[in-house]
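Take a look at the letters that make up each chain.
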Number of protein chains: 2
Amino acid sequence: MMRTRPLKVALLGCGVVGSEVARIMTTHAGDLAARIGAPVELAGVAVRRPDKVREGIDPALVTTDATALVKRGDLDIVVEVIGGIEPARTLITTALEHGASVVSANKALLAQDGAALHAAAEKHGRDLYYEAAVAGAIPLIRPLRESLAGDKVNRVLGIVNGTTNFILDKMDTTGAGYQEALDEATALGYAEADPTADVEGFDAAAKAAILAGIAFHTRVRLDDVHREGMTEVTAGDFASAREMGCTIKLLAICERAEDGASVTARVHPAMIPLSHPLASVRGAYNAVFVESDAAGQLMFYGPGAGGAPTASAVLGDLVAVGRNRLSGATGPGESAYAALPVSPMGEVVTRYHISLDVADKPGVLAQVATVFAEHGVSIDTVRQQGKDGEASLVVVTHRASDAALGGTVEALRKLDTVRGVASIMRVEGE
Amino acid sequence: MMRTRPLKVALLGCGVVGSEVARIMTTHAGDLAARIGAPVELAGVAVRRPDKVREGIDPALVTTDATALVKRGDLDIVVEVIGGIEPARTLITTALEHGASVVSANKALLAQDGAALHAAAEKHGRDLYYEAAVAGAIPLIRPLRESLAGDKVNRVLGIVNGTTNFILDKMDTTGAGYQEALDEATALGYAEADPTADVEGFDAAAKAAILAGIAFHTRVRLDDVHREGMTEVTAGDFASAREMGCTIKLLAICERAEDGASVTARVHPAMIPLSHPLASVRGAYNAVFVESDAAGQLMFYGPGAGGAPTASAVLGDLVAVGRNRLSGATGPGESAYAALPVSPMGEVVTRYHISLDVADKPGVLAQVATVFAEHGVSIDTVRQQGKDGEASLVVVTHRASDAALGGTVEALRKLDTVRGVASIMRVEGE
Ligand SMILES: NC(=O)c1ccc[n+]([C@@H]2O[C@H](COP(=O)([O-])OP(=O)(O)OC[C@H]3O[C@@H](n4cnc5c(N)ncnc54)[C@H](OP(=O)(O)O)[C@@H]3O)[C@@H](O)[C@H]2O)c1
Ligand SMILES: NC(=O)c1ccc[n+]([C@@H]2O[C@H](COP(=O)([O-])OP(=O)(O)OC[C@H]3O[C@@H](n4cnc5c(N)ncnc54)[C@H](OP(=O)(O)O)[C@@H]3O)[C@@H](O)[C@H]2O)c1
């Protein structure tokens, strides 16, 4: 049964994502109405530059006064696709206070202030949905929050940033160095002029915080996520990875400790075996592995960014929120009842690949091995390569804590037979 | 806020899936309660053999009178994991009439009578959820119905039967014939004693009907799905596939016609390029590709069957339906507003790989090529191999309709230089 009074939707931001949301709302109006049960009306569009020509958008709807728009009081749904912390945070809060449900694509804000925003939504009996905030078009938040609601998720492991995956894929397939691959990503529009948020892992860390929070029913903030960027990955690292039958990916990893009593979340480059499905995720694509008690291993794959894919996720949320408006219900909100402690990086347990430059003389291997043993880090394999009085040792460890590995490396640096630690890389997905 | 009065759940069937549902309901009772907002109580378990020992299940709850159980009137949710058409259909309908929402894993029933069951659910204001009916643990129905609700799905292409994928994977990797691979699947418990439903494609066809219905907002019944099994796939077909850089999978394919005005659904073995992500789906795993206007290509991967994985999907639905019970709302029901016609197989357009045994004499290729041309089927490549007066021709076509290809093959069989049509295989995923 179709209601004739339309749902009023305000769009905050009309850039890469917002313009696609507006376009699809117009071109697919009939489908959206049928799926929601009421037509959807674009009631206003807030932007920074009012005079910019925006194809398909009635100029009368455009305003620079986003605050007045969200205070109108007659809005059913506010779609926030401005990005950043402010004014997005205040606008979302104000929209909820004035009775609108909110759909957002804002990972930075959700990772930083998700709890407060969820509380505001709950207080006002409204929805706050943000499928588009993690991995663009890939359904991930809804499957984790709803499909796996009867299961126990133990691990989320994924490639959640397309820019860095593009760069690493380039380095892997062409042998290019980091800077060269970044330049190509920039030229092709895969990297922004200032790529910091991507290459330093801030974007992936925000997504890891959101995923960990939902997967473990625990509040995980951006600050809880250990973060290492990928600017120091070298062509040499890829060569080492290949020798081990691996490649290198920037991974977001959210894990429940083996005893189940705590969780961790981290973002860093890591080696993964070429046989792992994540190894073959090419270009700017994203993919996320989810491991749970009953379901086992699931993988979700697709375009992690881009205007249209991200708009697809926004509109999926818009339909769900719209349906909830009509039925007077709200969907699942924050679920943080488990309230597990988030452990520091030192407690994370994984394997390591370490390259050392050492003096090429007898006894060095014994010295190095002793240091590993003293720190309780057990060695899986060692490869020794010597040339002209210089030598390198490549050590792959069994599983050890980050703290134990850190202590080992510190002690190795103090050995006078160790000239330097050329690289340390975690090994995941085995 | 936790409600203290529990939601009463009846379990119809306690076999492979049901026993896992019961186990998780007990072991994860606290988590389920927190996620739903009320505790869940197992109120009754209907089975065929009441005296079978069922670990962890209070014998006082067990009954053989499923009808009396669903008529009790105090049930909030009925979980149907008996399977088959009757008594499952009558029990589900009766449960809905008596005020319970229903969660089912029953693909055969949903594919045959989904519309009537949805109508019953809607009439009584209750939910009917069945994520577990398609591809076990893999979230697929919820993403299609909800995450992609703002998008336009054009194609669903997937491996949705683990038994047949196990058999085909064995044939591919070991060179085994169909019977040998089936025997191994049976020995390992991947195939049932009577494997007909799997190897003849009935199981996959039921899933295709369900997926097509949801993806295209159109009623698609089992009878609308063109179905070919995989019992005639030979080691020779795999050899031909390998020569083309392909492998063979049993695929479920749901497509919107290019003009958007009709849809098709089919299940059959097909060659797909080794570079396609579906080509590397091993063993009994399932994976489904979804292509839509805005999101582009998404893939969902995971265990498509098994007690625990299927129970994970059932319990995800249980949480969603439980939440709806508490809020007094219902989730999305059937969406068939688009009501697109389902075209017959003759209108499906794809590429074909055809092997012909022909006489080894001049002019045969010209004759054969003429037949293709007369039927409007354009040839991409031909490979000719001759030995001892016998020869074979391998023809790969450009895209053509199934009807045109059928006419071509019929005419080829009438040529006296064509000794036989050794195999015809569709080529997909390019
Ligand atoms: N782009 C993607 O692929 C992608 C993927 C996933 C998630 N997201 C998220 O989606 C959000 C939007 O991203 P985007 O790429 O669409 O950004 P964008 O292209 O930079 O667009 C931002 C929009 O916000 C408007 N805006 C900026 N400040 C404003 C203010 N103070 N008041 C009102 N409007 C203001 C801008 O107005 P003008 O048009 O006048 O400049 C512009 O229309 C971000 O949270 C981002 O993280 C993006
Ligand atoms: N197994 C999988 O991996 C899987 C995956 C996806 C979906 N599914 C679907 O899940 C459903 C159940 O499959 P399953 O493998 O669990 O089947 P199953 O092991 O054969 O279990 C069937 C259960 O139903 C009971 N039952 C049979 N007839 C009954 C009747 N007339 N009244 C009451 N109870 C009756 C049986 O009782 P007894 O225990 O006394 O024999 C048994 O407990 C099917 O629809 C199937 O298609 C299964």
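Note that this is a predicted model, so its numbers are computed, not measured.

1. Regarding the UniProt feature "active site" (unreviewed entry) in chain A
Item 1. Within the UniProt annotation, "active site" (unreviewed entry) is assigned to A:Lys207.
Item 2. When sequence neighbours within four positions are dropped, the list of residues in contact with A:Lys207 reads A:Lys107, A:Ala133, A:Val134, A:Ala135, A:Val160 and A:Asn161.

2. A short note on the interface of chain B and chain A
Item 1. With 44 residues of chain B at the contact, the number on the chain A side is 44 residues.
Item 2. Between chain B and chain A the total buried area reaches about 3600 Å² when both faces are included, carbon and sulfur atoms providing 56% of it.
Item 3. On the surface where chain B and chain A come into contact, there are 2 salt bridges.
Item 4. Where chain B touches chain A, the interface holds 18 residue pairs in polar contact (both at pLDDT 80 or more).
Item 5. If you list the elements that add at least two residues to the side of chain B that touches chain A, you get helix H2 (29–36), helix H6 (141–147), strand S12 (296–303) and helix H12 (307–327) of chain B.
Item 6. Top element by residues in the side of chain B that touches chain A is H12(B). It accounts for 8 residues.
Item 7. Residues belonging to the side of chain B that touches chain A are distributed by class as follows: 24 nonpolar, 11 polar and 9 charged.

3. Quick look at the sheet that holds strand S3 (residues 62–63) of chain A
One key point about sheets: their strands pair by backbone hydrogen bonds, in either a parallel or an antiparallel sense.
Residue and element names in this part refer to chain A.
Item 1. The strand order across the open sheet built from 6 strands is S3-S2-S1-S4-S5-S6, with neighbouring strands paired in parallel fashion. Strands at the two margins of the open sheet, each flanked by one partner only, are S3 and strand S6 (128–129).
Item 2. As paired strands, strand S5 (residues 101–104) and S6 are joined by 2 bridges and run parallel to one another. Across the sheet, valine 102 pairs through a bridge with leucine 128, a residue of S6.
Item 3. The strands that helix H4 (residues 88–97) touches are strand S1 (7–12), strand S4 (77–80), S5 and S6; relative to S5, the one it contacts most, it runs at about 150°.

4. Quick look at the site of ligand 1
Residues and elements named next belong to chain A.
Item 1. Not every one of the 21 residues close to ligand 1 is listed here, only the nearest: Cys14, Val16, Val17, Arg49 and Gly306.
Item 2. Cysteine 14 has a polar backbone atom sitting 2.7 Å from an oxygen atom of ligand 1.
Item 3. Taking 900 Å² as the accessible area of ligand 1 by itself, protein coverage stands at 79%.
Item 4. Taken together, the residues of the shell around ligand 1 sort by class into 11 nonpolar, 6 polar and 4 charged.

5. Points about the UniProt feature "domain: ACT" (unreviewed entry) in chain A
Item 1. Look at the UniProt record and you will see "domain: ACT" (unreviewed entry) annotated at residues 353–426 of chain A.
Item 2. Taken end to end, residues 353–426 of chain A is 32% helix and 47% strand, and its two terminal C-alpha atoms sit 6 Å from one another.

6. Notes on helix H4 (residues 88–97) of chain B
Item 1. Among the residues of H4(B), B:Ala88, B:Leu91, B:Ile92, B:Thr94, B:Ala95 and B:Leu96 are the ones counted as buried.
Item 2. Lining the buried residues of H4(B) we find strand S1 (7–12), helix H3 (66–70), strand S4 (77–80), strand S5 (101–104), helix H5 (107–123) and strand S6 (128–129) of chain B.

What counts as what
- Residues numbered from 1 in each chain as written.
- Chains lettered and ligands numbered in written order.
- Predicted model: local features only at pLDDT ≥ 70, side-chain atom pairs only at ≥ 80, totals over all residues.
- Heavy atoms only, no water.
- UniProt positions renumbered as here; feature names shortened; annotations may be inferred.
- Contact = heavy atoms within 4.5 Å.
- Buried area = accessible area lost by both parts, 1.4 Å probe.
- Salt bridge = Lys/Arg side-chain N within 4 Å of Asp/Glu carboxyl O.
- Polar contact = N/O pair within 3.5 Å; in protein donor to acceptor, adjacent residues only side chain to side chain.
- Helix = DSSP H or I, 4+ residues; strand = E, 2+ residues; numbered from the N terminus.
- Nonpolar A, V, L, I, M, F, W, Y, C, P; charged D, E, K, R; others polar.
- Pairing = 2+ DSSP bridges.
- Axes fitted to C-alpha atoms, helices over the stretch in contact; angles between N-to-C directions.
- Near = heavy atom within 4 Å.
- Areas by Shrake-Rupley, 256 points an atom, 1.4 Å probe, with all protein chains shown as cover.
- Buried < 20%, exposed > 50% of the residue type's maximum accessible area, 1.4 Å probe, protein only.

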